[in-house]
Amino acid sequence: MNKKIYSLSLMLLVLALTSCGEVTEAGKFDNWRSRNEAFMDSLQTVYDTAPDRGGLQYITPMTNTKTRIFYKDITPSTNVVVDQQPLYTQSVSAYYRGSYIFGETFDENFTGTNPNLEFDSPSTFKVTGVISGWTEILQYMKIGQRWMVYIPWVMGYGTSGSGDIPGYSTLIFDMELYAIK
């Protein structure tokens, strides 16, 4: 009987050690393409099923008509909105905060909840000098508008990524068009 208990104990210990050694924690970018595509599909579902479309609107890019770039207008009531939109050939100044689908920020030019003219500076760039998703969406924004923009990977950095941003990344931007240069 003692040999059976001893053997059973030894077998349980071996199983416990073996199972602990095989467990690996999932990385934040594991299954990245499918997770990002599922995220964009969930936005489409919200748009299609929510009574108010979840506040979502979208544009269909001229350069990729099979894709949608979703956005929400989150312009504060204190912002003055000027009925002027940038052209493809112009330069703009904008505030932005970029994040992944799980919320981690990868780039920003303002701190805090809202851009602050005393402490933050907008970035200036050509409308055509940014990722294609930005080029498309900027032409729809008016000066003073602030949007939460959801750019699918095909309109962002594609399959190869850029710097710390891996390929297949849906890019989420909190962006405010500050001026047209």
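Residues numbered from 1 in each chain as written. Predicted model: local features only at pLDDT ≥ 70, side-chain atom pairs only at ≥ 80, totals over all residues. Heavy atoms only, no water.

J.: Any chance you could explain unusual backbone geometry here in plain terms?
T.: Working note: non-glycine residues mostly have negative phi, and peptide bonds are mostly trans. The backbone of Asn31 sits at a positive phi, close to 55°, despite the residue not being glycine. Within the secondary structure layout, Asn31 lies in the loop between helix 1 (2-22) and helix 2 (32-49). For Asn31, a relative accessible area of 59% gives the class exposed. Despite not being glycine, Tyr168 has its phi angle at roughly 70°, a positive value. Relative to the helices and strands, Tyr168 is located in the loop between strand 6 (146-151) and strand 7 (171-180). Relative accessible area serves as the criterion here: at 23%, Tyr168 is assigned to the partly exposed category. (Helix = DSSP H or I, 4+ residues; strand = E, 2+ residues; numbered from the N terminus. Buried < 20%, exposed > 50% of the residue type's maximum accessible area, 1.4 Å probe, protein only.)

J.: When you look at the pairing of strand 2 (residues 69-73) in this model, what are you seeing that I'm missing?
T.: Successive side chains on a regular strand alternate, one facing one side of the sheet and the next facing the other. In this structure, strand 1 (residues 56-59) lies alongside strand 2, joined through four bridges in antiparallel fashion. When the sheet's bridge partners are listed, Tyr58 is paired in strand 2 with Phe70. (Pairing = 2+ DSSP bridges.)

J.: Got a minute to help me understand the packing of aromatic side chains in this structure?
T.: The geometry of an aromatic ring pair comes down to the distance between the two centres and the angle between the two planes. The tally for this structure, following the rule as stated, stands at 20 aromatic pairs. Ring centres of Tyr96 and Trp134 lie 5.4 Å apart, and the angle between their planes is 80°; this geometry places the pair in the edge-to-face category. Remark: Trp134 occurs in helix 3 (residues 132-138) and Tyr96 occurs in strand 3 (residues 91-99); sequence separation between them is 38 residues. Here the two residues Tyr96 and Trp134 agree in accessibility, since each one is buried. On the basis of an interplanar angle of 50° and a centroid distance of 5.3 Å, the ring pair of Phe125 and Trp134 is categorised as tilted. Judged on exposure class, the residue Phe125 and its partner Trp134 are both buried. Following the ring pairs from residue to residue traces out a cluster consisting of Phe29, Trp32, Tyr96, Tyr100, Phe102, Phe106, Phe125, Trp134 and Phe173. (Phe/Tyr/Trp six-rings, centres within 6.5 Å; stacked < 30°, edge-to-face > 60°.)

J.: How should the side chain of Asp120 be read in this particular structure?
T.: In this fold, Asp120 is placed in the loop between strand 4 (105-108) and strand 5 (123-126). Engagement of the side chain of Asp120 in a polar contact is seen with the backbone nitrogen of Thr111, the distance being 3.3 Å. (Polar contact = N/O pair within 3.5 Å; in protein donor to acceptor, adjacent residues only side chain to side chain.)

J.: Looking at this structure, I do not really get the environment of Tyr140. What am I missing?
T.: Structurally, the position occupied by Tyr140 is in the loop between helix 3 and strand 6. With relative accessibility at 36%, the residue Tyr140 sits in the partly exposed group. Separated by 53 residues in sequence, Tyr140 and Leu87 have C-alpha atoms that sit 9.2 Å apart. Setting aside residues up to four positions removed in sequence, Tyr140 forms contacts with Ile59, Gln85, Gln145 and Trp147. (Contact = heavy atoms within 4.5 Å.)

J.: Looking at this model, I keep getting lost on the side chain of Thr67. Mind explaining?
T.: Mapped onto the elements, Thr67 comes out in the loop between strand 1 and strand 2. In this structure the side chain of Thr67 is engaged in a polar contact, spanning 3.1 Å, whose partner is the side chain of Asn64. Leaving out residues up to four positions away in the same chain, Thr67 has contacts with Ile59, Thr60, Pro61, Pro152, Val154 and Met155.

J.: Would you take a moment to explain the layout of surface pockets for this structure?
T.: Any space left empty among the atoms is revealed by the rolling of a water-sized probe across them. Within this model, the largest pocket holds a volume of roughly 240 Å³. Ranked by residues supplied to the lining of the largest pocket, first place goes to helix 2 with five residues. For the lining of the largest pocket, the per-class residue count stands at five nonpolar, four polar and four charged. Volume-wise, the second largest pocket comes out at about 180 Å³. The wall of the second largest pocket is formed by Tyr96, Phe106, Asp107, Ser123, Phe125, Val130, Ile131, Trp134, Tyr157, Ile165 and Phe173. Those elements that provide at least two residues to the lining of the second largest pocket are strand 4 and strand 5. (1 Å grid on protein atoms, 1.4 Å probe; cavity = no way out; pocket = protein on both sides within 12 Å on 5 of 7 lines; lining within 4 Å. Points joined across faces, edges and corners; volume = space filled by probe spheres on them. Nonpolar A, V, L, I, M, F, W, Y, C, P; charged D, E, K, R; others polar.)

J.: What is the right way to read the environment of Gln90 from this model?
T.: For Gln90, the position within the fold is in the loop between strand 2 and strand 3. Judged by relative accessible area, which is 23%, Gln90 ranks as partly exposed. On a C-alpha basis, the gap between Gln90 and Lys126 in space is 5.9 Å, while along the polypeptide they are 36 residues apart. Within the local environment of Gln90, its side chain forms a polar contact with the backbone nitrogen of Leu87, the two atoms lying 2.7 Å apart.

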